[in-house]
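Notes for the structure review
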Amino acid sequence: MAVYTDISEDDLKTFLSAYDVGELTSYKGIAEGVENSNFLLHTTTGAFILTLYEKRVDPGDLPFFLGLMQHLADRGLNCPLPLARTDGALLGTLSGRPAAMITFLEGMWLRKPEAAHCREVGRALAEMHVAGEGFALTRENALSVSGWRPLWDKAKDRADEVQPGVAAEIAAELDHLEANWPSDLPAGVIHADLFPDNVFFLGENLSGVIDFYFACNDLLAYDVSICLNAWCFEKDGAFNMTKGMALLAGYQSVRPLTAGEIAALPLLARGSALRFFLTRLYDWLTTPAGALVVKKDPLEYLRKLQFHRSVNTALEYGLTISEPDA
Ligand SMILES: Nc1ncnc2c1ncn2[C@@H]1O[C@H](COP(=O)(O)OP(=O)(O)O)[C@@H](O)[C@H]1O
Ligand SMILES: N[C@@H](CCOP(=O)(O)O)C(=O)O
């Protein structure tokens, strides 16, 4: 459960008095997520999500995240909308944290996504990339190639605690990625964390995308590689090419990948596997024992990284060259 900061009923009622949402009828911490503290609120006017922004969120980035949700929703993407307070502000303070209210999205995230879901996710990712064009604000990706070494430096001395030999392997990988990372591929607004727990389905249909708190400007194909990592591996660690094919076909039905993006995909997938390995490793080593959060296994991402090192071309992910849907 990700609730790092507790809230008292009195403080919550004072916080809510700045919004036009009626009277509080119930609230509870949400047993999902790892980054921020989230609460499901019911008031006399409906259900809402209250988020208290925690350690990895720079308050200066909140206008980007909240503005992006508005921009994407205006362009037809189903994502939460931030609620404005009666004074017009989108942000308040609760329990000493920056806090926002967002609309509640119906749907469930899938514990066992199938290839058909991967296709929907690929399509939604491309739709988001297209809809992100024209968003006025920008945010550098703090967790792209230039951010990995500082993170690694904080964790490397204890990395072998999770598995002997990891420190040397990651040091070599980081050198390779820093030396070969592409910079000339199409860029735009990316979600940067489109994992199954951030995509809701109602039945077979994708009903919404949440959690834009890693969103930033970066290479669009890097976002595709994040989804390959997050959606197309089985629990036993095997890459599922049918899912990869579906995800890439869904993406290309909206936005065909360029030749340069296709060529770079195995390297980008190594990079995105390293990125999630590093944040998970750091959290694994630093999250206090009593925190109400389920820590994620860094080694899952080491194994994915090792798989991508064996990939020569994007055809091994199931890539087919397809035309946009009519
Ligand atoms: N707008 C929303 N509508 C419905 N549920 C939501 C919404 N936002 C968050 N949640 C719930 O809260 C959980 C954690 O949210 P998330 O934004 O992923 O947190 P974190 O940033 O801490 O990872 C989600 O898995 C979901 O159950
Ligand atoms: N998706 C990341 C962790 C961030 O998770 P979220 O709950 O904010 O989506 C991982 O799996 O390491």
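Residues numbered from 1 in each chain as written. Chains lettered and ligands numbered in written order. Predicted model: local features only at pLDDT ≥ 70, side-chain atom pairs only at ≥ 80, totals over all residues. Heavy atoms only, no water.

This is how the line gets drawn: UniProt positions are given in the numbering used here, feature names are shortened, and annotations may be inferred rather than shown by experiment.
For the chain, an unreviewed UniProt entry supplies the name Homoserine kinase and the organism Ferranicluibacter rubi. What UniProt records for the chain under Catalytic activity (unreviewed entry) is the sentence "L-homoserine + ATP = O-phospho-L-homoserine + ADP + H(+)".

**A few points about the packing of helix 8 (residues 259-286) against helix 9 (residues 298-309)**
Short version of the rule: Between N-to-C directions, angles cover 0 to 180 degrees, with each direction set by a line fitted to C-alpha atoms, over the stretch in contact for helices. For the purposes of this entry, the term helix denotes a DSSP run of H or I that reaches at least four residues, the term strand denotes a run of E that reaches at least two, and both are numbered from the N terminus. Any angle that falls under 35 degrees is termed roughly parallel, while one over 145 is termed roughly antiparallel, one within 65 to 115 roughly perpendicular, and all others oblique. Each crossing gets its hand from how the near helix is turned against the far one by less than a right angle, where anticlockwise is left-handed and clockwise is right-handed. Residues count as neighbours in contact if any of their non-hydrogen atoms are within 4.5 Å of one another. Lys, Arg, Asp and Glu make up the charged group, whereas Ala, Val, Leu, Ile, Met, Phe, Trp, Tyr, Cys and Pro make up the nonpolar group; the residues left over, Gly among them, are polar.
Two elements in contact, helix 8 and helix 9, have axes whose closest approach is 8 Å; the angle formed by their N-to-C orientations is 165 degrees. The pairing of helix 8 with helix 9 is recorded here as roughly antiparallel in orientation. For the pair helix 8 and helix 9, the sense of crossing is left-handed. Along the contact surface, helix 8 presents Pro266, Ala269, Arg270, Ala273, Leu274, Phe276, Phe277, Arg280, Leu281 and Trp284, while helix 9 presents Pro298, Glu300, Tyr301, Leu302, Lys304, Leu305, His308 and Arg309. The residue inventory of the contact of helix 8 with helix 9, partitioned by class, reads twelve nonpolar, one polar and five charged.

**Re helix 9**
Rules: Expected helix span is computed as 1.5 Å times (number of residues minus one). Relative accessible area decides the class of each residue, using a 1.4 Å probe on protein chains only: under 20% of the type maximum gives buried, over 50% gives exposed, and in between gives partly exposed. We define a polar contact as two N or O atoms separated by no more than 3.5 Å, with the added condition that, inside protein, one atom must be a possible hydrogen donor and the other a possible acceptor, whereas residues neighbouring each other in sequence contribute only through side-chain atom pairs.
Helix length check: helix 9, at twelve residues, gives a terminal C-alpha distance of 17 Å against a target of 16 Å (1.5 Å per residue), a fit within 8%. Residues Pro298, Leu299, Tyr301, Leu302, Lys304, Leu305 and His308 constitute the buried set of helix 9. Among the structural elements, helix 5 (166-180), helix 6 (220-231) and helix 8 are those in contact with the buried residues of helix 9. Measuring from the side-chain oxygen of the N-cap residue of helix 9 to the backbone nitrogen of leucine 299 gives 2.9 Å; that N-cap residue is aspartate 297.

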